[in-house]
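Chain and residue survey
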Amino acid sequence: MDKYSVKCLLCGEVHDHYSLNCKNGDQSLLRAYYTAKQLIPTDMPGIWKYYNWLPVDGIIEEGSGRTVTYKSEALASKLGLNDLWIAFNGYWPEKKANLMTCTFKDLESFPTMQRIREQEEKRIMVVASAGNTARAFANVCSITGQPLLLVVPKESVHRLWTLHDDNHSVCLVTVEGDYFDAISLAGKIAARDGFVNEGGAKNVARRDGMGTVMLDAVLTSGKLFDHYFQAVGSGTGGISAWEASLKLLDDGRFGETLPKLHLGQSLPCAPLYSLWKGVDAVDAACPEGMYDDVLFNRKPPYALKGGVKDVIEASGGDIYAVTNEEASAAQELFEKSEGIDLNPAAAVAVATLVQAVESGAVKPNEKIVLNITGGGQKRLMQDYELKQLPVSLEVSAKDEDAEDKVVKKVSEVFGI
Ligand SMILES: [Zn+2]
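Bear in mind the structure is a predicted one, so any value in this text is a computation, not a measurement. (Residues numbered from 1 in each chain as written. Predicted model: local features only at pLDDT ≥ 70, side-chain atom pairs only at ≥ 80, totals over all residues. Heavy atoms only, no water.)

**Observations concerning the coordination of the zinc ion**
For the zinc ion, the full set of protein donor atoms is C8 (SG), C11 (SG), C22 (SG) and D26 (OD), at a range of 2.0 to 2.3 Å. The site at the zinc ion holds 4 donor atoms, and with the angles between them running 102 to 116 degrees, its shape is tetrahedral. Donor residues binding the zinc ion come from one chain and are separated in sequence as C-x2-C-x10-C-x3-D. One end of the pair, C8, is in strand 1 (residues 4-8); the other, D26, is in the loop between strand 2 (14-15) and strand 3 (30-34), and 18 residues separate them in sequence. Take C8: its relative accessible area is 3%, and that puts it in the buried class. (Donors = N, O, S within 2.8 Å, 3.2 Å for Na, K, Ca; no water. Tetrahedral: all angles 85-135°; square planar, octahedral: opposite > 155°, others 65-115°. Helix = DSSP H or I, 4+ residues; strand = E, 2+ residues; numbered from the N terminus. Buried < 20%, exposed > 50% of the residue type's maximum accessible area, 1.4 Å probe, protein only.)

**A few points about the sheet that holds strand 10 (residues 170-176)**
Taking strand neighbours across the sheet as the criterion, the 5 strands line up as 11-7-8-10-17 in an open arrangement whose pairing is parallel. In this open sheet, the two strands that pair with only one neighbour each are strand 11 (195-197) and strand 17 (393-396). Pairs of neighbouring strands in the sheet enclose a mean axial angle of 30 degrees, with direction left out of account. Of the strand pairs in this sheet, strand 7 (residues 124-128) and strand 8 (residues 148-153) are connected by 4 bridges, and their pairing is parallel. (Pairing = 2+ DSSP bridges. Axes fitted to C-alpha atoms, helices over the stretch in contact; angles between N-to-C directions.)

**With respect to the packing of helix 2 (residues 106-118) against helix 5 (residues 204-221)**
Where helix 2 meets helix 5, the axes come as close as 7 Å, and the angle between the chain directions of the two elements is 140 degrees. Between helix 2 and helix 5, the angle is such that the two are oblique. Regarding helix 2 and helix 5, the two cross each other, and that crossing is right-handed. Across the interface between the two elements, L107, E108, P111, T112 and R115 from helix 2 touch V204, A205, R206, G209, M210, T212 and V213 from helix 5. Partitioned by chemical class, the residues of the contact of helix 2 with helix 5 number 6 nonpolar, 3 polar and 3 charged. (Parallel < 35°, antiparallel > 145°, perpendicular 65-115°, else oblique. Left-handed = near helix turned anticlockwise from the far one by under 90°. Contact = heavy atoms within 4.5 Å. Nonpolar A, V, L, I, M, F, W, Y, C, P; charged D, E, K, R; others polar.)

**Section: the nonpolar core**
Within the largest apolar cluster, 73 residues are counted, with the highest numbers of intra-cluster contacts made by M125, L150 and L248. With 7 residues, helix 5 is the largest single contributor of residues to this core. In this structure, L150 is in contact with V127, A134, A138, L160, V170, C171, L172, V173 and L389, ignoring residues within four places of it in sequence. Core analysis: the next-biggest nonpolar cluster, separate from the first, contains 40 residues, L81, F88, L295 and A347 among them. (Core = buried A, V, L, I, M, F, W, Y, C linked by side-chain atoms within 4.5 Å.)

**Some thoughts on the state of the cysteines**
Using the criterion set out here, one finds 1 disulfide in the structure. Of the cysteine sulfurs around C141, a residue in no disulfide, the closest is that of C171, at 12 Å. With relative accessibility at 0%, the residue C141 sits in the buried group. Since its relative accessible area comes to 0%, C171 is described here as buried. (Disulfide = S-S within 2.5 Å.)

**Regarding the domain arrangement of the chain**
One can read the domain layout of the chain as domain 1 (68-102 + 204-381) and domain 2 (124-193 + 386-414). Look at where the C-alpha atoms of domain 1 and domain 2 centre, and you get two points 27 Å apart. At the interface, 17 residues of domain 1 touch 15 residues of domain 2. Roughly 1,300 Å² is buried in total at the junction of domain 1 and domain 2, and carbon and sulfur atoms are behind 60% of that figure. On the domain 1 side of the contact with domain 2, T101, V294 and R298 bury the most area, a combined 37% of that side's loss. Across the contact surface, domain 1 and domain 2 share 2 salt bridges. The shortest N-O distance in the salt bridge between R159 and D293 comes to 2.7 Å. Inspection of the region where domain 1 meets domain 2 yields 3 residue pairs in polar contact (both at pLDDT 80 or more). (Domains from an automatic or database assignment. Buried area = accessible area lost by both parts, 1.4 Å probe. Salt bridge = Lys/Arg side-chain N within 4 Å of Asp/Glu carboxyl O. Polar contact = N/O pair within 3.5 Å; in protein donor to acceptor, adjacent residues only side chain to side chain.)

**Brief notes about the sheet that holds strand 1**
Pairing is antiparallel across the open sheet formed by 3 strands, whose spatial order is 2-1-3. Whereas interior strands pair on both sides, the edge strands pair on one side only; in this sheet they are strand 2 and strand 3. Of the pairings in the sheet, the one linking strand 1 to strand 2 comprises 2 bridges and is antiparallel in character. Pairing of V6 across the sheet is with H15, part of strand 2.

Next comes the structure, spelled out in structure tokens:
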């Protein structure tokens, strides 16, 4: 029997393991369903601890890390909470946290890469990103040697650091424009012969990889949560947390609670908040002015079946909007109380929790998990030297020949 099957949430039809879209044209996510109904942790390294609920047949031994979950004392006490758990994603050796890109995007990139290897994919993988996803894919490709074309907004290039000396498998292109411009250009290139798109939110490996945050939190704490907090751009992390919770409920050993999802966005660019609340919270100058522009996404998977709207409704949750002042105060509160630095996006999650405590949306004795999606970069810099990934080519989103220029550069870089 197969380890898992991939099904459309609307028509229920079983698809090929690697499908991204319903072949009947449904506007729905495909979801992976596992033969093993119970979560059985393995003793394999990093994320592969959760191998039996990852849509892979094999692992990448080297370099994989995973979430570390612990019960908060200092922050919990400051917020008047008695059962607050922190799911930390990043570098924090004192807690054995070893996601070496300091972001939970590593949880997506390793399973995605493993599937690329299973398919003996010879085409060049194309990834568009505002920075953290790009760093995570560059990391795993530097380990496996799989050729990678990264398309990144020019403004985000500072996030493209690496610990590897050899990055010959990565071709980094910067785009003068925003994340959406980068996605558009990457999409056009991925549609050409010789290139393949990794699929974003539609890729079950990315979602189930991110879902391991919830698996780790529930396995560590012993029970499902009342509330889940995360800062989101596309909202895919929220979808993943929900899908993981459904599996854990089905497992039967972790209680019968499904968590309310509390997803935080950064003002003045909060498109999911706008859609959910029916207000306009997206400034024309976006992503300018955000606390962290990795949280901006013009086309989040909101309305499709199994998307953000569905999971917020099903969970009885909410979407929040956080000002820069709130995020900054939350960052200071967290770093001082918990003793580790945060990526700015994670501070938006902390600020979301603060809002929910103040409004009474969460109660002091309820069980809460706070997903710290990235942290420990300053801590990492005490132990390692961070190197910038070299830029292979700069193009403008307005340049009609941008696509051809990128393809030509890729041929040069990879000798094809
Ligand atoms: Zn379908």
